[in-house]
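Coordinates in review
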Number of protein chains: 2
Amino acid sequence: MATQLTAKAREGGSLLSPEELRARLQAVGESRYHHLHPFHLRMHAGELTRGQLQAWALNRYYYQSRIPIKDSLLLAKSDDPAFRRAWRKRILDHDGDQSGYGGIEKWIQLAEATGLSRDQVIPCTGVLPGVIFAVDAYLALVRDSPLLIAVASSLTELFSRSLISLRMDQLRLHYPYLVHGLSYFEGRLTQAPEDAAFALDYVCAHAATRAEQEQVIGALERKCAILWAQLDAIDYAYVVPGNIPPGCFVPDAERG
Amino acid sequence: MATQLTAKAREGGSLLSPEELRARLQAVGESRYHHLHPFHLRMHAGELTRGQLQAWALNRYYYQSRIPIKDSLLLAKSDDPAFRRAWRKRILDHDGDQSGYGGIEKWIQLAEATGLSRDQVIPCTGVLPGVIFAVDAYLALVRDSPLLIAVASSLTELFSRSLISLRMDQLRLHYPYLVHGLSYFEGRLTQAPEDAAFALDYVCAHAATRAEQEQVIGALERKCAILWAQLDAIDYAYVVPGNIPPGCFVPDAERG
């Protein structure tokens, strides 16, 4: 992956216009964002069992729980108070300003709607190693990259509104027991497009060379791969019988 | 995973004897080492296609190529010339002292025996993100942990000799076109047990508290999960049709 980013960054060529850069980013999302992943297609077709939705909610909680840590690492890269004021909204959105109102708490409520208890979710015991490694790769990408690339890695939010909108419709239709657990997604319908617009403006304004523009595109590709790999791990472990790795969550229906 | 290590480390209790510590480590290997992984079981039963073996050799090359980097990070943690003299053997084993004689070169020869060209393998283009994230988690574990834990993470070598021995027999039997690509494994039959004995003596001598002993066991569990997750990603992408993630290696037989 690092190898691929480097190869991209080596490309020369003239500076892309903002419209060309946006079109390249859009093309990455259309071909690599996880709206195309087989596990999401199964979810939206109503094919998942309650145990599979539990596994998804439990594993994705690890990702949700790391988002404000990612954003804190990103904040620490900026020496501009105005940038930090704008970006810290994301930490507020996930952590809330009182118990029960942030995105992390709302994700726990979604997990509870699948039938898990809060105490099963919060310790992250039983999360798939493949999910942990992918999420930790996101933290490392943000921690070890310049601010421009760290911001670019958030650009998957450009594509999340339509996925979330579809998902809410399909979850309500196929899994009615989840209906009281959807407030996380309601919040993201407005938060994600606002955040994406800010990040897109930022990378268009601050990628000053073609090489930096290619690094921005490469960061979005890598972030798409990070989201995709989480679903690979979940689909592998919980859709094909016999594949749950040692030490990981076992839905009640799978216990012998 | 970090959460699980911490939970283990919190356990109190009295110091384990060397025999008890060895028995705990042995039990981890028996239940979590990747000799039990479905992809290896398929390999040893002769069920893999040439394209699947290509995918395995290509992806595992990323792991092989990172081993001397991991060992260099580990060397840098020690201020003891005697330790560094003993450990640097591992870098020599993988890099060789002339072209063509190290483990990395031998792995390329294995990949060539599957039908890949050297130029397809070395750039690591098309390696699964799930494999990259798992291997990078190994580098991060070694880089970010004390020397004792970094050494403990190598203890999977305690279990590799019997797996390699079985694998060589089964590869010769089921995939005769690989017969001239097995010199990597021949070397590891003697290298791995020597290395494992050194590392086991080291952790038995240097884990001075029960908490450190539990961290040693936790590091072996995590390393088992790192090996297991690589095979999860390979098995998911290349055994079930339609699952190859965007941008990853496609065997010739899979091309439309």
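Because the structure is predicted, anything quoted here is derived from the model rather than measured. (Residues numbered from 1 in each chain as written. Chains lettered and ligands numbered in written order. Predicted model: local features only at pLDDT ≥ 70, side-chain atom pairs only at ≥ 80, totals over all residues. Heavy atoms only, no water.)

Here we come to the overall build of chain A. The secondary structure content of chain A amounts to 13 helices and 0 strands. Counted from the first residue to the last, chain A has its helices and strands arranged as α-α-α-α-α-α-α-α-α-α-α-α-α. The C-alpha atoms of chain A give 18 Å as radius of gyration, which agrees with the globular expectation for 256 residues (18 Å, within 12%). With the C-alpha coordinates aligned to their principal axes, the bounding extent of chain A is approximately 60 × 40 × 30 Å. (Helix = DSSP H or I, 4+ residues; strand = E, 2+ residues; numbered from the N terminus. Rg over C-alpha atoms; globule rule 2.2 N^0.38 Å.)

Among all residues except glycine, the phi angle is most often negative; among peptide bonds, the trans geometry is most common. We note that C124 of chain A has phi near 60°; this positive angle belongs to a residue other than glycine. With respect to the helices and strands, the residue C124 of chain A is situated in the loop between helix 8 (118–121) and helix 9 (129–144).

So, about the environment of T49 of chain B. On the secondary structure map, T49 of chain B appears in the loop between helix 3 (38–44) and helix 4 (50–75). Spatially, the C-alpha atom of T49 of chain B lies 10.0 Å from that of T114 of chain B, the residues being 65 residues apart in sequence.

Right, let's get into the relation of the copies chain A and chain B. When chain A is fitted to chain B, the best match, at an RMSD of 0.0 Å, comes from turning it 180° and sliding it 0.0 Å along the axis. Expressed as a symmetry operation, the mapping of one chain copy onto the other fits a two-fold axis. Of all interface residues in chain A, 100% are interface residues in chain B too; the two copies therefore contact each other through one and the same surface. (Least-squares fit on C-alpha atoms with pLDDT ≥ 70 in both. Contact = heavy atoms within 4.5 Å.)

This paragraph deals with the side chain of E157 of chain A. Residue and element names in this part refer to chain A. As for its position among the elements, E157 is in the loop between helix 10 (147–152) and helix 11 (160–174). Accessibility expressed as a relative area gives 15% for E157, which makes it buried. In this structure, E157 is in contact with R90, R188, A192, D195 and A196, ignoring residues within four places of it in sequence. (Buried < 20%, exposed > 50% of the residue type's maximum accessible area, 1.4 Å probe, protein only.)

Listed as interface residues are 33 residues of chain A and, on the opposing side, 33 residues of chain B. Between chain A and chain B we count 2 salt bridges in total. The interface formed by chain A and chain B contains 2 residue pairs in polar contact (both at pLDDT 80 or more). Elements that contribute at least two residues to the side of chain A that touches chain B include exactly helix 1 (2–10), helix 2 (18–32), helix 9 and helix 13 (210–239) of chain A. Split by residue class, the side of chain A that touches chain B holds 16 nonpolar, 10 polar and 7 charged. (Salt bridge = Lys/Arg side-chain N within 4 Å of Asp/Glu carboxyl O. Polar contact = N/O pair within 3.5 Å; in protein donor to acceptor, adjacent residues only side chain to side chain. Nonpolar A, V, L, I, M, F, W, Y, C, P; charged D, E, K, R; others polar.)

Evaluated as defined, the whole model comprises 30 salt bridges over all chains. E105 of chain A is the partner of R118 of chain A in a salt bridge, and the nearest nitrogen-oxygen pair spans 2.7 Å. Residue R118 of chain A is located in helix 8, and its partner E105 of chain A is located in helix 7 (residues 103–114); the two are separated by 13 residues in the primary sequence. Residue D235 of chain B pairs with R42 of chain B through a salt bridge whose shortest N-O separation is 3.0 Å. A residue pair is termed long-range when its members are at least 10 positions apart, and D235 of chain B in helix 13 (residues 210–239) and R42 of chain B in helix 3 qualify at 193 residues. Assessed through its relative accessible area of 24%, R42 of chain B is described here as partly exposed. Linked by salt bridges that have partners in common, K89, D93, E194 and D195 of chain A make up one network.

Time to look at the environment of G29 of chain A. Residues and elements named next belong to chain A. Tracing the chain through its elements places G29 in helix 2. The sequence separation of G29 and T156 amounts to 127 residues, and the corresponding C-alpha distance is 7.1 Å. In contact with G29, not counting residues within four places along its chain, are H35 and F159.

We now examine the packing of aromatic side chains. Scanning the model with the defined rule gives 25 aromatic pairs over all chains in all. Between W107 of chain B and Y184 of chain B, the aromatic rings sit 5.2 Å apart at their centres with planes inclined by 85°, giving edge-to-face as the arrangement. Within this pair, whereas W107 of chain B is found in helix 7 (residues 103–114), its partner Y184 of chain B is found in helix 12 (residues 183–206), the two being separated by 77 residues in sequence. The exposure class assigned to Y184 of chain B is buried, which follows from its relative accessible area of 6%. Linked through ring pairs, W56, W107, Y184 and F185 of chain A together constitute an aromatic cluster. Across from the ring centre of Y177 of chain B, 3.9 Å away, lies the NZ or CZ of R50 of chain B, which sits over that ring. Positioned above the aromatic ring of W87 of chain B, the side-chain terminus of R90 of chain B is 3.6 Å from the ring centre. (Phe/Tyr/Trp six-rings, centres within 6.5 Å; stacked < 30°, edge-to-face > 60°. Lys NZ or Arg CZ within 6 Å of the ring centre and 35° of its normal.)

On to the confidence of the model for chain A, then. Residues at a pLDDT of 70 or more form 94% of chain A, whose mean pLDDT is 93. Confidence estimates for the predicted assembly give a pTM of 0.90 and an ipTM of 0.85. (pLDDT = per-residue confidence, 0-100.)

Once that is clear, we can look at helix 9 of chain A. Under the 1.5 Å per step criterion, the end-to-end length of helix 9 of chain A is 22 Å for 16 residues, consistent within 8% with the ideal 22 Å. Taken together, the buried positions of helix 9 of chain A are P129, V131, I132, F133, A134, V135, A137, Y138, L139, L141 and V142 of chain A. (Expected span 1.5 Å × (residues − 1).)

On to the side chain of R60 of chain A, then. Residue and element names in this part refer to chain A. Position of R60 relative to the elements: it lies in helix 4 (residues 50–75). Although R60 is buried, it makes no salt bridge; E157 carries the closest opposite charge, 8.7 Å away. Here the side chain of R60 touches Q64 through a polar contact of 2.8 Å, side chain to side chain. (Lys, Arg positive; Asp, Glu negative; His and termini not counted.)

All names here are of chain A. With respect to the helices and strands, Q98 occurs in the loop between helix 6 (89–95) and helix 7. Take Q98: its relative accessible area is 49%, and that puts it in the partly exposed class. Spatially, the C-alpha atom of Q98 lies 26 Å from that of A199, the residues being 101 residues apart in sequence.

This next bit is on helix 7 of chain A. All names here are of chain A. Between its first and last C-alpha atoms helix 7 spans 17 Å; for 12 residues at 1.5 Å apiece the expected length is 16 Å, and the two agree. Along helix 7, 10 of the 12 residues are buried, which leaves the element largely enclosed by surrounding structure. For helix 7, the complete set of buried residues consists of G103, I104, E105, K106, W107, I108, L110, A111, A113 and T114.

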